[in-house]
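# Working through the structure, step by step
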Amino acid sequence: PLGNSLPTAANGSIAPLAPDPSAALRTIRAVRDEGFDVWHLHEPLVPGPTLTALTLHSRPIVGTFHAAGRSSSYRYLAPVLRRLVRRVDIAVAVSPDARDLVRGHLGGEYELLFNGVSVPPRPTDLVDDGRPHVLFLGRHEERKGLEVLLRAFDRIERHPKGHGRPVLDVVGDGPDSARLRAEYSDPDRFRWHGRVSEEMKWRLLWQAEVLCAPALRGESFGIVLLEGMASGATVIASDIDGYRNVATDGRDAVLVPPGNVEALESALGAVMIDRDLRD
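Here is a short report on the structure shown in this document. Each residue is numbered by its place in its chain's sequence as written, counting from 1. Two thresholds apply to this predicted model, a pLDDT of at least 70 for residue-level local features and 80 or more for giving and counting side-chain atom pairs, whereas whole-chain, interface and lining totals are computed over all residues. Side-chain figures throughout are based on the complete set of non-hydrogen atoms in the structure, without hydrogens or water.

A few words now on helix 1 (residues 21-34). In this text, helices come from DSSP runs of H or I with a minimum length of four residues, and strands from runs of E with a minimum of two, each type numbered from the N-terminal end. Each residue after the first adds 1.5 Å to the expected span of a helix. End to end, helix 1 covers 20 Å across 14 residues, agreeing with the expected 20 Å (1.5 Å per residue, within 8%). On its buried face, helix 1 sits against strand 3 (39-42) and helix 2 (49-56). Residue G35 follows helix 1 closely and has a positive phi angle near 65°. What makes two residues a contact is simply this: any of their non-hydrogen atoms within 4.5 Å.

The following block contains the structure:
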């Protein structure tokens, strides 16, 4: 640990930054004591340990850029950041959208390397309760579209084939958690898990019939879609640029217009009815 992070508003979400001098000093001490041969910096221009290491640049650096959408920092600090980004020996972006953001403001060449996920062994003690489960994984904030999903799911009263009422499992927390939990509080239909362990996350993924990612904007890639695919869940996601990097509508997932409650309700119902579509 290099220090406590400060929650900072960025791109419609909250980014944990550690720009204080004590974190910088601990970073310098750590990289010198450990004697690493190569440094891999995720978001190397973000204030904190990565920017400190980039400023030192005493080892070869691989820099991976994740952010997509808009960046006020890139726009207003471009003259300074252009000099810093030249210290990255190999620059990598996780999607075309992430590459376009940084290259559009700072120039340079970026190798495109998509994200992957590590999948643990499937446990043998999973129990099927006979009810279809829809799963949401993510922060509870406007950009992630959880409220859109809750409104759409609330319209689905029963499984179309008569196999019992669907269950929405909601994982994560955020600034909208208390309000949404109070509004959608029926424990038989809405199960609020809060933050969970990696093991529990995968148990919920394996249990889920549908993984729903209803984000409205600002997604550069969509690792959660990969996790849904890897678990065998059917993916329903918003038709936004970042998710189209991962999924093609009708082939890998069902993509719906972002923020459209009616379209999301229709997609959820169709996937529950049509086994061929799910497969």
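On to the sheet that holds strand 10 (residues 210-213). Backbone-to-backbone hydrogen bonds join strands into a sheet, with any given pair of strands oriented parallel or antiparallel. Pairing is parallel across the open sheet formed by 6 strands, whose spatial order is 9-8-7-10-11-12. Single-partner strands in this sheet number two, and they are strand 9 (190-194) and strand 12 (254-256). In this sheet, adjacent strand axes meet at a mean angle of 20° when their direction is disregarded. Criterion used throughout: strands pair if DSSP finds at least two bridges between them. Pairing geometry for strand 11 (residues 234-238) and strand 12, over 3 bridges, is parallel. Note that in strand 12 the partner of S238 across the bridge is V256. Sitting on the sheet, helix 8 (residues 198-207) is in contact with strand 7 (133-137), strand 8 (167-171), strand 9 and strand 10, with an inclination near 140° to strand 7. Simply put, an axis is a line fit to the C-alpha atoms, just over the touching stretch for a helix, and the angle between two N-to-C directions goes from 0 to 180 degrees.

Residues other than glycine seldom take positive phi values, yet E43 does so here, at roughly 50°. Residues other than glycine seldom take positive phi values, yet H57 does so here, at roughly 45°. As for its position among the elements, H57 is in the loop between helix 2 and strand 4 (61-65).

One finds L45, L106 and L225 to be the most contacted residues of the largest nonpolar core, which totals 46 residues. With residues up to four places along the chain from it excluded, the contact list for L106 reads L45, Y74, A78, L81, R82 and V85. The definition of a nonpolar core used throughout is a set of buried Ala, Val, Leu, Ile, Met, Phe, Trp, Tyr and Cys residues joined through side-chain atoms within 4.5 Å. Using a 1.4 Å probe on the protein chains alone, a residue whose accessible area is under 20% of its type maximum counts as buried, one over 50% counts as exposed, and one in between counts as partly exposed. One finds L146, A152, C212 and V261 within the second-largest nonpolar core, a separate group that totals 26 residues.

All right, on to the pairing of strand 4 then. Residues in a regular strand project their side chains so that they alternate between the two faces of the sheet. Across the 5 residues of strand 4, 4 count as buried, placing the element largely inside the fold. As defined by bridge partners, strand 3 adjoins strand 4 across 4 bridges and the pair is classed as parallel. Bridging across to strand 4, W39 finds its partner in I61. Regarding topology, helix 2 serves as the crossover connection from strand 3 to the parallel strand 4, and that connection is right-handed. Of the strand pairs in this sheet, strand 4 and strand 5 (residues 90-93) are connected by 4 bridges, and their pairing is parallel. Counterpart to T64 in the pairing with strand 5 is V92. With the strands aimed away from the viewer, a crossover counts as right-handed if its path from the first strand over the helix to the second runs clockwise.

Looking now at the environment of T248. For T248, the location among the structural elements is in the loop between helix 10 (241-244) and strand 12. Residue classification places T248 among the partly exposed residues on the basis of a relative accessible area of 35%. Between the C-alpha atom of T248 and that of H42, which follows or precedes it by 206 residues, the distance is 27 Å. Aside from chain neighbours lying at most four places away, what touches T248 is A253 and L255.

This brings us to the sheet that holds strand 4. Strand order in the open sheet formed by 4 strands is 3-4-5-6, and the pairing between neighbours is parallel. Edge strands, defined here as strands with exactly one partner in the open sheet, are strand 3 and strand 6 (111-112). Lying on the sheet, helix 2 is in contact with strand 3 and strand 4; it crosses strand 3 at an angle near 135°.

In this section: helix 5 (residues 96-106). Those residues of helix 5 lying buried are D97, A98, L101, V102 and L106. The arc that holds every buried residue of helix 5, seen down its axis, measures 135°, which confines them to one face. Of the residues one or two after helix 5, G107 is the one with positive phi, at around 75°. What the arc describes is the spread of directions from the helix axis to the C-beta atoms.

What follows is about the environment of D97. The residue D97 is located in helix 5 in this model. Owing to a relative accessible area of 19%, D97 belongs among the buried residues under this scheme. Those residues within four positions of D97 in sequence are excluded, and the remaining contacts are A67, A68, S220, D241, G242 and N245. Separated by 2.6 Å, the side chains of D97 and N245 make a polar contact. Each polar contact in these results corresponds to two N or O atoms within 3.5 Å; when the atoms are within protein, one needs to be able to donate a hydrogen and the other to accept it, and residues that are neighboring in sequence are counted only if both atoms are side-chain atoms.

That's the geometry; what it means functionally is another story.
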